[in-house]
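Structural description and commentary
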Amino acid sequence: MKSISVIGSGTMGNGIAHIFAQKGFRVSLVDIKSELLEKALATISKNMDRQVAKGMLSEQEKDASLDLISTFTELEKGVAEADLVVEAATEHLPLKLEIFRNLDQLAPAGAILASNTSSISITKIAAVTQRPDQVIGMHFMNPVPVMKLVEVIRGYATSDQVTKSVMELSRKLDKDPVEVNDYPGFVANRILMPMINEAIYSLYEGVAGVAEIDTVMKLGMAHPMGPLQLADFIGLDVCLSILRVMQEGFGNPKYAPCPLLVNMVEAGFRGVKTGEGFYSYTAGSKDLIVSPRFSKI
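Every value quoted in this text rests on a predicted model; they were computed, and no experiment measured them.

Basis of the calculations
Residues numbered from 1 in each chain as written. Predicted model: local features only at pLDDT ≥ 70, side-chain atom pairs only at ≥ 80, totals over all residues. Heavy atoms only, no water. 1 Å grid on protein atoms, 1.4 Å probe; cavity = no way out; pocket = protein on both sides within 12 Å on 5 of 7 lines; lining within 4 Å. Points joined across faces, edges and corners; volume = space filled by probe spheres on them. Helix = DSSP H or I, 4+ residues; strand = E, 2+ residues; numbered from the N terminus. Nonpolar A, V, L, I, M, F, W, Y, C, P; charged D, E, K, R; others polar. Pairing = 2+ DSSP bridges. Axes fitted to C-alpha atoms, helices over the stretch in contact; angles between N-to-C directions. Phe/Tyr/Trp six-rings, centres within 6.5 Å; stacked < 30°, edge-to-face > 60°. Buried < 20%, exposed > 50% of the residue type's maximum accessible area, 1.4 Å probe, protein only. Core = buried A, V, L, I, M, F, W, Y, C linked by side-chain atoms within 4.5 Å. Salt bridge = Lys/Arg side-chain N within 4 Å of Asp/Glu carboxyl O. UniProt positions renumbered as here; feature names shortened; annotations may be inferred. Parallel < 35°, antiparallel > 145°, perpendicular 65-115°, else oblique. Contact = heavy atoms within 4.5 Å.

Estimates place the volume of the second largest pocket at around 270 Å³. Considering the residues around the second largest pocket, the lining is formed by 14 residues, among which L93, I120, K124, V245 and E248 are closest to the centre. Mapped by element, the contributors of at least two residues to the lining of the second largest pocket are α5 (93–106) and α11 (236–250). The element best represented in the lining of the second largest pocket is α11, accounting for four residues. A class-by-class count of the residues in the lining of the second largest pocket yields six nonpolar, five polar and three charged.

Across the sheet, which stays open at both edges, the eight strands sit in the order β3-β2-β1-β4-β5-β6-β7-β8 with mixed pairing between neighbours. In the strand order of this sheet, the two ends are held by β3 (69–72) and β8 (176–181), each with one partner. Averaged over all adjacent pairs, the angle separating strand axes in this sheet is 25°, with direction ignored. Note: strand β1 (residues 3–7) against strand β4 (residues 84–87), four bridges, orientation parallel.

Applying the stated criterion across every chain yields a total of four aromatic pairs. When the centroid spacing of 5.4 Å and the interplanar angle of 90° are considered together, the rings of F20 and F25 count as edge-to-face. The burial state of F20 is the same as that of F25; both residues are buried.

Here we take up the nonpolar core. By size, the foremost hydrophobic cluster in this structure holds 33 residues, and its most contacted members are I16, F20, L84, V86, M138 and F140. Take this core: its biggest share by element is six residues, from helix α1 (residues 11–22). Formed by 25 residues, the second largest nonpolar core is a distinct cluster that contains V210, I213, C239 and F294.

Following N142, the chain continues to P143 via a peptide bond in cis, the omega torsion being 0°. Along the chain, the position of P143 falls in the loop between β6 (135–140) and β7 (149–154). Even without being a glycine, D174 presents a positive backbone phi close to 65°. You can see D174 is positioned in the loop between α7 (160–172) and β8. Residue class for D174 comes out partly exposed when judged on its relative accessible area of 40%.

Right, let's talk about the pattern of salt bridges for a bit. Overall, the coordinates contain eleven salt bridges when judged by the stated rule. With its nearest N and O atoms 2.5 Å apart, the salt bridge here joins D174 to K23. Residue D174 is found in the loop between α7 and β8, and its partner K23 is found in the loop between α1 and β2 (26–30); the two are separated by 151 residues along the sequence.

Turning to the UniProt feature "domain: 3-hydroxyacyl-CoA dehydrogenase C-terminal" (unreviewed entry) in the chain, a few remarks are in order. The positions that UniProt labels "domain: 3-hydroxyacyl-CoA dehydrogenase C-terminal" (unreviewed entry) are, in the present scheme, residues 185–281. The straight-line gap between the two end C-alpha atoms of residues 185–281 is 28 Å; of that span, 62% is helix and 2% is strand.

As a further point, take the UniProt feature "domain: 3-hydroxyacyl-CoA dehydrogenase NAD binding" (unreviewed entry) in the chain. In the numbering used here, UniProt assigns the feature "domain: 3-hydroxyacyl-CoA dehydrogenase NAD binding" (unreviewed entry) to residues 4–182. For residues 4–182, the helix share is 43%, the strand share is 22%, and the end-to-end C-alpha distance is 24 Å.

On to the packing of helix α10 (residues 227–234) against α11. The contact between α10 and α11 brings their axes to 5 Å, and the two run at 95°. What the angle tells us is that α10 and α11 run roughly perpendicular. Judged by residue contacts, A231, D232 and I234 of α10 engage L236, V238 and C239 from α11. By residue class, the composition of the contact of α10 with α11 is five nonpolar, no polar and one charged.

The following block contains the structure:
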C-alpha cells in the first residue's frame, strides 16, 4: 500500500494522517470544509514540531512528511487513488453508513475500507457495501502519534488476507496491532467504558469527589490518568455514545450510562473540547482544576 485516504480531519483523523505521512505514505486528507483541513494541517505541523524539539524527527523529515499530505473537500477526488481508506468521522452510525456507501462507489475496487470507530459494529458497516470482505476496523488510540496500540477488528465477512495486510501495515507504522472480533466495544472500550461509567456513578452517588476518585485510581491502580480526567480527554459525548452502543448491542442494563453523564452531555459540557467537563480547562494552562460544579462534592 502506498496511497492512504483519511476521511475526517479532526483529532483522530489528523493524527492518523500524521503517522502515515511520517512513515512515507502519500496521504489524502478529506473533510467537508477547507478551513477544517487548514486547521488539521496546522495541528499536524505543531505536533511534528514537538517531535523535532524532542529529537524524534528532523526538520527535513518534518517538511518531507507534510509534503506527502494533500487535502480534499470532495470525497471522489480524495479517494480516487486509495489503496486504503481510513474513515475517522464522528462516532455516529448513520453518518458512517452513508460514508461507506459512498466509499464503496468511489474508491478503487481493490481498496481496503477501514473504520477508526471505537465501538460501532464493523459487520454492520460492511453490510452496506458490495465488498464486506474488504471492510475492517482500525481503532487507533488518542493521541495517535504517541499511542502504540491499534485494535484491528474483523467483521463477520472480513477476509484473512485483508486482516493480515492491515496487521502488517500497522507494524510498518511502528504500532502494535491486536486482532479482535466484532462485538460491541471490542476489547478496549468494553473494559474501559464501564470503569469510566462506574467512576461517574461514584461521583453521582456522593461516594467521593472528582479529584479523590481520580487520585484513588492513579495511586492505587497505577493509572497514569484518573477515569474522570480520561473521560474529559476522550470527550464525554464520545463516552456516552460508546456506552449506548454497548447497552443496545448487548441488551444488558449494566452498560446503561450514568444519568450525570447524560445530563452533562445534553448541557454541552463535554470535556476538554468544550473547556469544561469534570475539570475546567484553560487554553495554555496545564493546571488540573476541578469544575466549580463539583468542587464542593
